[in-house]
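# Breakdown of the fold
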Amino acid sequence: MISIQTLLSPPQGLTLSEILIFSYILGLLHGITPDEHTWPITFSYAVGKYSTKEGMKAGFLFSLGFTIQRAFLTTLGFLGLAAIYNEYNLDGPVYFVVGIVMAIAGSYILKGKYVHLPFDELIHKRREGENLRDVPLKMTIVHGLIAGFGFGAYATIITFLLAPQVPGLIFAPLPGAMFGLGTMTMQIILGAIFGNIIKFKGLSEEDVRYIGIKTAGRVLYYGGIVFSIVGLLIIAIPIIDCWAIPTGNPIPNLDAINIGFLLVVGTVGTIGISSIIQAYREVKKSIEKNKTAKVKKI
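Keep in mind the model is a prediction, meaning the values are calculated, not measured.

About the thresholds
Throughout this description, residue numbers start from 1 for each chain and increase along the sequence as written. Note on the predicted model: pLDDT of at least 70 is required for a residue's local features to be given, and 80 or more for side-chain atom pairs to be given and counted; whole-chain, interface and lining totals, by contrast, use all residues. Excluding hydrogens and water, the side-chain figures rest on all heavy atoms present in the structure. UniProt positions are given in the numbering used here, feature names are shortened, and annotations may be inferred rather than shown by experiment. Under the scheme used here, helices are H or I runs from DSSP no shorter than 4 residues and strands are E runs no shorter than 2 residues, and both carry numbers assigned from the N terminus. In what follows, salt bridge is the name for a side-chain nitrogen of Lys or Arg lying within 4 Å of a carboxyl oxygen of Asp or Glu. To sort residues, take the accessible area from a 1.4 Å probe on protein chains only and compare it with the maximum for the residue type: under 20% means buried, over 50% means exposed, and anything in between is partly exposed. Any two rings among Phe, Tyr and Trp, with Trp reduced to its six-membered ring, count as a pair given centres within 6.5 Å; such a pair is stacked if its planes are under 30 degrees apart, edge-to-face if over 60, and tilted if neither. For a helix, the expected span equals 1.5 Å multiplied by the residue count minus one.

Attention now goes to the UniProt feature "transmembrane region" (unreviewed entry) in the protein. Feature annotation in UniProt assigns "transmembrane region" (unreviewed entry) to the following positions: residues 59-86, 92-110, 141-163, 169-198, 219-240 and 260-280. Annotation note: span residues 169-198, helix share 77%, strand share 0%, distance between end C-alpha atoms 46 Å.

Quick look at the pattern of salt bridges now. Any two side chains of opposite charge can pair, on the condition that their charged atoms come close. All told, the structure shown has two salt bridges when counted by the stated rule. With a shortest N-O distance of 3.6 Å, E282 and K214 are connected by a salt bridge. Of this pair, E282 sits in helix α11 (residues 259-297) while K214 sits in helix α10 (residues 205-236), placing them 68 residues apart in sequence. A salt bridge links R218 to E282, with the shortest nitrogen-to-oxygen separation between them at 3.0 Å. Placement of the pair is R218 in helix α10 and E282 in helix α11, with a sequence separation of 64 residues. In this structure, R218 and E282 share a single accessibility class: buried. What emerges from the salt-bridge pattern is a single network uniting K214, R218 and E282.

Evaluated as defined, the whole model comprises seven aromatic pairs. When the ring of F62 is compared with that of F66, the centres are 6.3 Å apart and the planes differ by 25 degrees; the resulting orientation is stacked. Residue F62 and its partner F66 are both found in helix α4 (residues 52-79); the two are separated by four residues, about one turn of the helix. A single burial state applies to F62 and to F66, both of which are buried. By the ring-pair criterion, three or more aromatic residues cluster together here, those being F62, F66, Y154 and F179.

By secondary structure assignment, the location of R281 is in helix α11. As a C-alpha pair, R281 and I211 span 70 residues in sequence and 9.4 Å in three-dimensional space.

Let us look at α4. Helix length check: α4 (28 residues) gives 40 Å between terminal C-alpha atoms against 40 Å at 1.5 Å per residue, within 8%. Trailing α4 by a residue or two, G80 shows a phi angle of about 85 degrees, which is positive.

In structure tokens:
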């Protein structure tokens with residue numbers, strides 16, 4: 001049985017099989033804990049597809065891009081080129097670029113345009129389902145590739161502690177790939193859960209579709225704006241990224257309340273839940289309005 005302490009601080013002299021097992025388990029932990037590089041994206045696209053199957057697909061496609069990047073990252077770790085992460089804080093640029101891509105996708109979903117400033121959407125009360133566009137699942141691969149450049153405790157372990165121990169360059173991508181597959185396993189499960197969040201009783205397929213797509217668009221758009229602003233703040237004031245309140249839990253992503261944790265809570269928790277509630281109210285209001293109109297006709 002591998003202890004948490006051993007996972008988070010792997011010893012030297014591990015065999016290739018042990019390295020891959022460690023990497024996969026670390027990926028499972030990364031995927032199930034609230035991570036700012038994964039949860040907001042998987043949540044948005046899974047909810048937008050409002051089904052178990054499509055939610056799982058969203059988690060899979062996002063993690064596919066993420067896995068490809070992680071395999072590249074551990075190759076850099078083996079070659080010693082990942083030392084750039086020790087010299088430069090890339091969190092700010094990664095947050096900013098991730099935010100821009102999120103906002104572009106959200107803008108497309110809400111208005112069918114890739115450049116749009118719908119600041120009225122949060123307070124918009126009319127139901128305008130005809131303006132919404134289907135959620136582009138293929139975009140999740142792009143999100144995954146970009147988000148993979150983010151660097152945290154898990155990336156540090158697989159890049160600097162596990163990757164350098166593999167027997168040769170040909171094996172260097174494997175720790176990153178196994179880590180990505182572990183993340184993918186949990187993201188598929190979470191995608192299935194997120195995809196069923198909006199299954200309210202008494203609503204038609206069209207109503208559920210509206211709630212899902214509207215929520216996805218709002219979370220991606222406004223979450224993207226938040227990510228971009230935070231990214232710019234970190235670039236301008238790097239010390240912000242070091243702020244943290246320890247929780248006493250040794251597991252990364254649960255060990256402190258920090259910028260990353262607040263991004264997850266703000267995007268998935270605040271924007272996500274409030275968007276679901278607002279879209280649901282819009283649907284109920286539309287249903288009541290249609291009932292009233294039918295009564296008047298009678």
